[in-house]
Number of protein chains: 2
Amino acid sequence: MPATERRELILEAAAKVFGERGYVGATTDAVAREADVSQPYVVRMFGSKAALFEAVLTRSLDRLLAMFRDAAAAFEEERATDPETELALCIGRNYVDLLRDRGILLSLMQAFMLGADPEIGPVARAGWMRVYRCLRDEIGLTSEEVVGILDRGMLINTLVGLRLAADWDDPDVSEMITTAMPQKAGIVRALADERG
Amino acid sequence: MPATERRELILEAAAKVFGERGYVGATTDAVAREADVSQPYVVRMFGSKAALFEAVLTRSLDRLLAMFRDAAAAFEEERATDPETELALCIGRNYVDLLRDRGILLSLMQAFMLGADPEIGPVARAGWMRVYRCLRDEIGLTSEEVVGILDRGMLINTLVGLRLAADWDDPDVSEMITTAMPQKAGIVRALADERG
DNA sequence: GTCTATACCCAGATAGAC
DNA sequence: GTCTATCTGGGTATAGAC
């Protein structure tokens, strides 16, 4: 298999493992197992665990920003037929779609929680501000609108990190998820079911 | 020193370290250093690192719920003189005050991000739902209001985890923090300054 | 109640074969 | 490009003295 393809496979596996266990809790061995290669190969390809994590963050951030741009484009298109449509809703819709690959949002979130780390902190802050500037300058939102998008986003990330949907049977749980993601609760439930 | 006092001292140190580095990244040695005791003593007192983490979570959750109740009481009192006052604002005010001890909110947040862990996950989900039920049943908010409180809370937790205020000089950073916490940006900045 | 010394395990990284 | 074998460091936990 060509190295570029293997690389993408490993990055995807790594995003999942880092997202689930955090930077320190994730082992290169677990990543290797997930990608069906040997542990030394993972280290070899990226140089170190830290470098692998940075590569994962770059990839995740690129995907996230691409999603925002896609959502903005979809919004423009939709507005032609429905002048009542809202950008925030379009973004919310695409955000939940991103959750199909939980590693993308959760690996970023894990990095955000390590701001006190001298190596990861600066990278995480820079990444966060790229998100902020993308929404404000490229998508054209006001700072209030951006914060409104981000805070619901962080709540959703937390619910996903918690695996709260695993307790869907608890009526309080389903009530809270449905309230937080009204348009998309069905998908969340289905994803939780199929993944246990 | 009596054991109960030492215990509280160690719990406070542990909350800080777990909040900064996450469950796996935190070492019992770092906790011990922070509390000025030996590493084996920390393990001895709580039995294991896992048990220590659970004790930290219990303590953090108790503090958080107590804060909500205090805020609700303050709201009732305030409403006597100012009928325009809002509960969400009272809670927001007290929430930021909790940040003086970042360990409380960040250790909880780190647990929330480990929902996939078979040991920590159930504890984290149960803790989260205690928060939800407290706000809904004891404080008397609707589920929409609770979600509105929680999403801004999760954004603030993320900003604190990021140590974003460290980059206050960046005008985009100060704009975003001021937008997210209008009443309290001054305090956040002051805390960031004094702690570097 | 608190320490020092240490056993033991596990994870990241390297060497080197194929 | 990819593996097996292995070195090494560091972190939890235990033993046992004071």
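For the structure, check the block above.
Being a predicted model, the structure only gives us computed values, none of them experimental. (Residues numbered from 1 in each chain as written. Chains lettered and ligands numbered in written order. Predicted model: local features only at pLDDT ≥ 70, side-chain atom pairs only at ≥ 80, totals over all residues. Heavy atoms only, no water.)

### Focus: the protein's contact with DNA strand D
Here is step 1 of the chain: The immediate surroundings of DNA strand D are formed by 17 residues, with Ser38 and Tyr41 of chain A together with Thr28, Gln39 and Lys49 of chain B found nearest.
Here is step 2 of the chain: Put simply, 57% of the atoms of DNA strand D that lie within 4 Å of the protein are in sugar or phosphate.
Here is step 3 of the chain: Serine 38 of chain A places a side-chain nitrogen or oxygen 2.8 Å from a phosphate oxygen of DNA strand D.
Here is step 4 of the chain: Between a phosphate oxygen of DNA strand D and a main-chain N or O atom of alanine 26 of chain B, the distance comes to 3.5 Å.
Here is step 5 of the chain: Taken together, the elements giving at least two residues each to the surface near DNA strand D come down to helix 1 (3-25) and helix 3 (39-46) of chain A together with helix 2 (28-35) and helix 3 (39-46) of chain B.
Here is step 6 of the chain: Residue contributions to the surface near DNA strand D peak at four residues, all from helix 3 of chain B.
Here is step 7 of the chain: Of the residues assigned to the surface near DNA strand D, the class counts are eight nonpolar, five polar and four charged. (Near = heavy atom within 4 Å. Polar contact = N/O pair within 3.5 Å; in protein donor to acceptor, adjacent residues only side chain to side chain. Helix = DSSP H or I, 4+ residues; strand = E, 2+ residues; numbered from the N terminus. Nonpolar A, V, L, I, M, F, W, Y, C, P; charged D, E, K, R; others polar.)

### Considerations on the relation of the copies chain B and chain A
Here is step 1 of the chain: Mapping chain B onto chain A leaves a residual RMSD of 0.0 Å; the transformation is a rotation of 180° accompanied by 0.0 Å of translation along its axis. This pairing of chains is accounted for by a two-fold axis.
Here is step 2 of the chain: Most of the interface of chain B is mirrored in chain A, where 100% of its interface residues again form contacts. (Least-squares fit on C-alpha atoms with pLDDT ≥ 70 in both. Contact = heavy atoms within 4.5 Å.)

### Description of the interface of chain B and chain A
Here is step 1 of the chain: Contacts between chain B and chain A engage 43 residues on the former and 43 residues on the latter.
Here is step 2 of the chain: When chain B packs against chain A, close to 3800 Å² is buried across both sides, 66% of that on carbon and sulfur atoms.
Here is step 3 of the chain: Taken as a group, Met113, Arg125 and Leu162 of chain B account for 18% of the area that chain B buries against chain A, more than any other trio of residues on that side.
Here is step 4 of the chain: There are twelve salt bridges connecting chain B and chain A.
Here is step 5 of the chain: At the surface where chain B touches chain A, the tally comes to 22 residue pairs in polar contact (both at pLDDT 80 or more).
Here is step 6 of the chain: Listing elements by their share of the side of chain B that touches chain A, those giving two or more residues are helix 1 (3-25), helix 6 (102-112), helix 7 (120-138), helix 8 (143-162) and helix 9 (171-180) of chain B.
Here is step 7 of the chain: Here the side of chain B that touches chain A is built from residues that sort into 21 nonpolar, nine polar and 13 charged. (Buried area = accessible area lost by both parts, 1.4 Å probe. Salt bridge = Lys/Arg side-chain N within 4 Å of Asp/Glu carboxyl O.)

### Quick look at the side chain of glutamine 110 of chain B
Here is step 1 of the chain: Structurally, the position occupied by glutamine 110 of chain B is in helix 6.
Here is step 2 of the chain: When its relative accessible area of 4% is taken as the criterion, glutamine 110 of chain B is described as buried.
Here is step 3 of the chain: For glutamine 110 of chain B, the residues in contact, after removing those within four places along its chain, are Met113 and Leu114 of chain A together with Phe18, Gly19, Glu20, Arg21 and Gly22 of chain B. (Buried < 20%, exposed > 50% of the residue type's maximum accessible area, 1.4 Å probe, protein only.)

### Quick word on the protein's contact with DNA strand C
Here is step 1 of the chain: Residues in close proximity to DNA strand C total 17 residues, the closest being Thr28, Gln39 and Lys49 of chain A together with Ser38 and Tyr41 of chain B.
Here is step 2 of the chain: One nitrogen or oxygen atom from the side chain of threonine 28 of chain A is found 2.8 Å from a phosphate oxygen belonging to DNA strand C.
Here is step 3 of the chain: Taken together, the elements giving at least two residues each to the surface near DNA strand C come down to helix 2 (28-35) and helix 3 of chain A together with helix 1 and helix 3 of chain B.
Here is step 4 of the chain: Looking at the surface near DNA strand C, the element that brings in the most residues is helix 3 of chain A, giving four residues.
Here is step 5 of the chain: Looking at the surface near DNA strand C residue by residue, the classes come out as eight nonpolar, five polar and four charged.

### A few points about the packing of helix 1 of chain B against helix 4 (residues 49-81) of chain B
Residues and elements named next belong to chain B.
Here is step 1 of the chain: Where helix 1 contacts helix 4, the axes come no closer than 9 Å and their chain directions differ by 100°. One finds that helix 1 runs roughly perpendicular with respect to helix 4. When helix 1 is examined against helix 4, the residues Arg7, Glu8, Ile10, Leu11, Glu12, Ala14, Ala15, Phe18, Tyr23 and Val24 are found in contact with a partner set consisting of Lys49, Ala50, Leu52, Phe53, Ala55, Val56, Arg59 and Arg63.
Here is step 2 of the chain: Classifying every residue of the contact of helix 1 with helix 4 by side-chain character gives twelve nonpolar, no polar and six charged. (Axes fitted to C-alpha atoms, helices over the stretch in contact; angles between N-to-C directions. Parallel < 35°, antiparallel > 145°, perpendicular 65-115°, else oblique.)

### Some details on unusual backbone geometry
All names here are of chain A.
Here is step 1 of the chain: In this model, aspartate 36 sits at a positive phi of 60°, which is unusual for a non-glycine residue.
Here is step 2 of the chain: Locating aspartate 36 in the fold gives a position in the loop between helix 2 and helix 3.
Here is step 3 of the chain: A relative accessible area of 68% means that aspartate 36 is categorised as exposed.
Here is step 4 of the chain: Here the phi dihedral of arginine 163 falls at roughly 55°; this positive angle occurs in a residue that is not glycine.
Here is step 5 of the chain: Overall, the relative accessible area of 13% leaves arginine 163 in the buried class.

### Some details on the nonpolar core
Here is step 1 of the chain: The biggest cluster of nonpolar side chains holds 152 residues, and the ones touching the most others in it are Trp128 of chain A together with Trp128 of chain B.
Here is step 2 of the chain: When residues no more than four places from it in sequence are discounted, the contact partners of tryptophan 128 of chain A are Phe112, Leu150 and Met154 of chain A together with Leu155, Thr158, Leu159, Leu162, Leu164 and Met176 of chain B. (Core = buried A, V, L, I, M, F, W, Y, C linked by side-chain atoms within 4.5 Å.)

### Some thoughts on the packing of aromatic side chains
All names here are of chain A.
Here is step 1 of the chain: In total, this model carries eight aromatic pairs over all chains according to the counting rule given.
Here is step 2 of the chain: A ring pair is formed by phenylalanine 18 and tyrosine 23, whose centres lie 5.9 Å apart and whose planes are at 25°; its orientation type is stacked.
Here is step 3 of the chain: For phenylalanine 18, a relative accessible area of 1% translates into the label buried.
Here is step 4 of the chain: Centre to centre, the rings of phenylalanine 112 and tryptophan 128 are 5.1 Å apart; their planes meet at 90°, and the pair counts as edge-to-face. In this pair, phenylalanine 112 is assigned in helix 6 (residues 102-112) and tryptophan 128 in helix 7 (residues 120-138), connecting sequence segments 16 residues apart. You'll find phenylalanine 112 and tryptophan 128 in the same group, each marked buried.
Here is step 5 of the chain: Grouped by ring-pair contacts, the aromatic residues Phe18, Tyr23 and Phe53 constitute a single cluster. (Phe/Tyr/Trp six-rings, centres within 6.5 Å; stacked < 30°, edge-to-face > 60°.)

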